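What follows is the residue order along each chain.
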Amino acid sequence: MSSQNSNTSTTADSTTKAGPGTTADGSTPADDSPSPGPASGRRGLRADMSLSAVLAGFVAVVVSYSGPLVIVLAAAAAGHLDKAQTGSWVWAISIGSGLTCIGLSLRTKMPVITAWSTPGAALLVTSLGAYSYAEAVGAFLVTGVVITLVGLTGVFGRLMRQVPTAVVSAMLAGILFSFGTGVFASLKTAPWIAGAVLLIYLAGKRWLPRYAVLIALAAGVAAAAATSRLNIHLDHIELARPVLTTPAFSAASLIGIAVPMILATLASQNAPGMAVLSASGYRPKDRLLIGSTGLVSTALAPFGSHAINLAAITAAICTGPESHRDPKRRYIAGIACGAFYLLIGAFGTTLVVFFAGLPKELVAAIAGVALFGALAGGLSGAVKEEQDREAALITFLATASGVTLFGIGSAFWGLVFGVAAHVVLTRWRRPRSA
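Bear in mind the structure is a predicted one, so any value in this text is a computation, not a measurement.

Scoring rules and cut-offs
Residues numbered from 1 in each chain as written. Predicted model: local features only at pLDDT ≥ 70, side-chain atom pairs only at ≥ 80, totals over all residues. Heavy atoms only, no water. Core = buried A, V, L, I, M, F, W, Y, C linked by side-chain atoms within 4.5 Å. Buried < 20%, exposed > 50% of the residue type's maximum accessible area, 1.4 Å probe, protein only. Contact = heavy atoms within 4.5 Å. Axes fitted to C-alpha atoms, helices over the stretch in contact; angles between N-to-C directions. Helix = DSSP H or I, 4+ residues; strand = E, 2+ residues; numbered from the N terminus. Parallel < 35°, antiparallel > 145°, perpendicular 65-115°, else oblique. Left-handed = near helix turned anticlockwise from the far one by under 90°. Phe/Tyr/Trp six-rings, centres within 6.5 Å; stacked < 30°, edge-to-face > 60°. Lys NZ or Arg CZ within 6 Å of the ring centre and 35° of its normal. Arc of directions from axis to C-beta. Polar contact = N/O pair within 3.5 Å; in protein donor to acceptor, adjacent residues only side chain to side chain. Salt bridge = Lys/Arg side-chain N within 4 Å of Asp/Glu carboxyl O.

Caption draft 1: Here's a closer look at the nonpolar core. Grouped together as the largest cluster of nonpolar side chains are 111 residues, with contacts concentrated most on Tyr65 and Trp89. In contact with Trp89, not counting residues within four places along its chain, are Val72, Ala75, Ala76, Leu81, Leu124, Leu128, Phe303, Gly304, Ser305 and His306. Trp91, Ala92, Ile95 and Leu300 belong to the second-largest nonpolar core, a separate cluster that totals 5 residues.

Here is the structure:
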């Protein structure tokens, strides 16, 4: 690995400057081409360590457990799972996310952030109760196998590389738009908390830019405590106990759970996840990333994991400049995120209570300011090329609208509408006469 790193450092640096998804001469890289991250491997993990990157990983985990995990718990309740099965489910998705974050970030030297499928969990809220838990586990297993095959064959990556850079950047901006506005929306219900976060963040950016998010988080927690909005109660802490369930297979569960889960995970999670890495200047290896998350999903399915995939929103926290000003050192955020996943996952649902006690306005404000840099980068990339601006605008509006069609989220439809607009406006344009 070290020899490969030394041989690709020059290519990596030029790729970062050339922009996401392209080489220095503007061509599209092959799937097995080097990414910009590995050149930093010669420095060593200790030399690349930074507090800002570790904090970015922590904020990503806070956002994950304060929001998307609630959907998982709602799905468990809808499926009438007992406490042991629910704890095993939380353990499986946490351990799976942690292992893939750490392993893939170390392997690629990129901040690879993974998580559990949020749209997949939302699907289960309405469908899990119609099947036995063993049938659901069987559907989870099939989902993991199919996603693994899609990833390893490279089909998914080849499709993603056809998307224009401006459209990818616009989709990223659309995904993050609601989080940016969430900072100011929180001022209405919790002005002291959101106001403290925003004010201290701006002050931090002026005098301590690397630690702006950290001191904003501290200010927000202090404001929440001063206004009696912290409701954190930990009566006891116990280690999670994984529950192995023998999968059962039925045509009904495969059609009702596996098929929509596969589509939602690939389109609404992995596609935006790849786009976030590309928009940040990295060249993600789709076969490695999608294939690895699919394999881990398959291995943990008997313990309740419905799907592990690339993250988008939390990934943007770790891939942006708030993580570290040097893109080659941001992979530390992926490792830190994975370590926090493993720590919390080891205790199942007991530590989830801690994050549930944080005011939603505090989580929204911290997530918003942590994503300011990534949002600005997405907007900048979307309007960089004049000929792609209209297609990028359509992508941004469709993604930011939050529309869901056929169970697939707005990020995917933003890509679809944006690519369609790009084709109509550029490839079918008649050449002007002299």
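Right, picking up where we left off after that structure.
Caption draft 2: The arrangement of the packing of helix 6 (residues 118–127) against helix 12 (residues 251–279) in detail. Interhelical geometry of helix 6 versus helix 12 gives an angle of 150° and a closest axis separation of 8 Å. What the angle tells us is that helix 6 and helix 12 run roughly antiparallel. As for the relative orientation of helix 6 and helix 12, their crossing is right-handed in sense. Residues Thr118, Pro119, Gly120, Leu123, Leu124 and Ser127 of helix 6 lie in contact with helix 12, whose contacting residues are Gly256, Ile257, Pro260, Met261, Ala264, Ser268 and Gln269.

Caption draft 3: Representation of the environment of Gln162 within the structure. Examined against the element boundaries, Gln162 turns out to sit in the loop between helix 8 (155–160) and helix 9 (165–189). The class of Gln162 is exposed, set by a relative accessible area of 54%.

Caption draft 4: Local environment of the packing of aromatic side chains. Throughout the structure, instances matching the rule amount to 10 aromatic pairs. Every member of this aromatic cluster is reached through a ring pair, and the members are Tyr65, Trp116 and Tyr341. In this structure, Lys109 is placed above the aromatic ring of Tyr331, and the distance from its NZ or CZ to the ring centre is 5.5 Å.

Caption draft 5: Up close: helix 6. Along helix 6, the residues that are buried comprise Gly120, Ala121, Leu124 and Ser127. In an axial view of helix 6, the angular spread of the buried residues amounts to 130°, which keeps them on one side of the axis. Of the surrounding elements, those touching the buried residues of helix 6 are helix 4 (68–78), helix 5 (83–108), helix 7 (133–153) and helix 12. You can read the cap of helix 6 off the contacts: a side-chain oxygen lies 3.0 Å from the backbone nitrogen of Gly120, and it is on Ser117.

Caption draft 6: Region of interest: the pattern of salt bridges. Scanning the entire structure with this criterion turns up 4 salt bridges. With a shortest N-O distance of 2.9 Å, Asp286 and Arg161 are connected by a salt bridge. Within this pair, whereas Asp286 is found in helix 13 (residues 286–300), its partner Arg161 is found in the loop between helix 8 and helix 9, the two being separated by 125 residues in sequence. For Asp286, a relative accessible area of 1% puts it in the buried group. Glu322 is the partner of Lys205 in a salt bridge, and the nearest nitrogen-oxygen pair spans 3.2 Å. Placement of Lys205 in helix 10 (residues 191–207) and of Glu322 in the loop between helix 14 (313–319) and helix 15 (331–345) is noted, with a sequence separation of 117 residues between them. Accessibility expressed as a relative area gives 36% for Lys205, which makes it partly exposed.

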